[in-house]
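Secondary and tertiary structure notes
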Amino acid sequence: MKYIIILGDGMADEPIESLGNKTPLQYARTPYMDLLAKRGNTGLLNTIPDGMHPGSEVANLAVLGYDVAQVLEGRGALEAASMGVDVLPGEMVMRCNLVCIEDGKIKNHSAGHISNEEAEILIQYLNENLRNDRLQFFPGVSYRHVLKLKGGNKQIGCTPPHDVPGTDFQQVLIQAKVPEAQTTADYLNDLIIQSQKLLENHPINLKRKTAGKDPANSIWPWSPGYKPQMKKLFEIYPVQTGAVISAVDLIKGIGVYAGLENINVSGATGLYDTNYEGKAQAALKALKETDFVYLHIEASDEAGHEGDALLKVETIENLDSRALKIILEETEKWDEPVTIAVLPDHPTPCRIKTHSNSPVPFIIYKPGNIPDAVEKYNEFSVKTGKYGLLTGDEFIKEFFKPSEP
Ligand SMILES: [Zn+2]
């Protein structure tokens, strides 16, 4: 048996007036999701444990069956893994944004969506001036970088910069949560100030200012963590090898710790113009070579964040007709049976333009199993599905369970 999960990030939603009080999943034309629902079994899955923030890292770890409270470290740790940065015991990693500060206030979390090339020069410049045997910066994509600190204490309160545009940066500096973390907090706050002195008049920033762009004139470290203590999937489930296909560093990092090989697809942008067909073909190729593929498609989440219901419908229809169709039609021809699941990680309702923690609808199609009566795939239809409401690792256990005789 082979296994594939097709994950439409943020695909679930609420009924929307402009769609005739239907959700985007109800409104969209999705013949292949519906076919899979007809052939498979359905239910709802709780992906956000009580009291946790509905972030993509939380939800995707939960889909894969991990005890999120136990394994969740910061974003930095996951992104470092996807960037190939090793984290050793005793080391702390953090996401380190390049931000724009104007008149002492955080203007934006992205330094005006600075380019990779400019950001890399600035991060290397910071390394030349600030790197020591405890501290190092690693350049990532655009404003998203990683900082590694030997001996850092993660019991610190940090503010995600995208949550506080317009706020005086001095008011949201890093604070120790326990006395032992005071040295770490002081060190990092001092680092922020030093970065501002170094970056303010760097040629890249002078050029950006002249061009009317936001300068990247401060670092902003947040989301601290150590190396995640995650078992690899093949230590838990009956698969030997697997792969992850995603344009998003967080998901790739989860893949690394879960023991999955990262497969890069050219033209996979994480946006509406993503290469759906390329991702589907790459997934099929990976599925030939390995036992399990986690195919993650980001576009519907972005449409939810923009609050654009019709765009979200389009992303769902694209996933259906340009990825799922290809995978269904091809795997049907294979001698080896393929278990296929479709689900989102969390809802990203257009109404609130951010993630929510409601349970998400899922389908598990396992060749040979008797299907339930559900014939459509959406937030409401699956309520009468065979699985009911699952939580924790119940979904992934069902997914990897052998076919019923
Ligand atoms: Zn999102």
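Right above here is the structure, for reference.
To keep things clear, this report deals only with the structure shown in the data block. (Residues numbered from 1 in each chain as written. Predicted model: local features only at pLDDT ≥ 70, side-chain atom pairs only at ≥ 80, totals over all residues. Heavy atoms only, no water.)

Before going further, it helps to spend a moment on the pattern of salt bridges. Evaluated as defined, the whole model comprises 18 salt bridges. Between K312 and D13 there is a salt bridge, and its shortest N-O distance comes to 2.8 Å. In this pair, K312 sits in helix α13 (residues 309-331) while D13 sits in the loop between β1 (2-8) and α1 (24-27), placing the two residues 299 residues apart along the sequence. Look at the salt bridges and you will find they share partners, linking E102, K107 and D214 into a network. (Salt bridge = Lys/Arg side-chain N within 4 Å of Asp/Glu carboxyl O. Helix = DSSP H or I, 4+ residues; strand = E, 2+ residues; numbered from the N terminus.)

Another point: the packing of helix α12 (residues 299-306) against α13. Running from amino to carboxyl end, α12 crosses α13 at an angle of 175°, the nearest separation of the two axes being 8 Å. With respect to their mutual orientation, α12 and α13 come out roughly antiparallel. Taken together, the residues of α13 that come into contact with α12 (itself represented by A299, S300, A303, G304 and E306) are L311, K312 and T315. When grouped by side-chain class, the residues that make up the contact of α12 with α13 number three nonpolar, three polar and two charged. (Axes fitted to C-alpha atoms, helices over the stretch in contact; angles between N-to-C directions. Parallel < 35°, antiparallel > 145°, perpendicular 65-115°, else oblique. Contact = heavy atoms within 4.5 Å. Nonpolar A, V, L, I, M, F, W, Y, C, P; charged D, E, K, R; others polar.)

The next point concerns the pairing of strand β12 (residues 292-297). Counting buried residues in β12 gives six out of six residues, a clear majority hidden from the surface. With burial as the criterion, each face of β12 is covered, one bearing F292, Y294 and H296 and the other bearing V293, L295 and I297. Two strands pair when backbone bridges link them, and β1 and β12 are joined in this way by six bridges, in the parallel orientation. Residue pairing for β12: I5 is matched across the bridge by Y294. When strand β10 (residues 242-245) meets β12, the two strands line up parallel, connected through four bridges. Looking across to β12, one finds that V244 is bridged to Y294. (Buried < 20%, exposed > 50% of the residue type's maximum accessible area, 1.4 Å probe, protein only. Pairing = 2+ DSSP bridges.)

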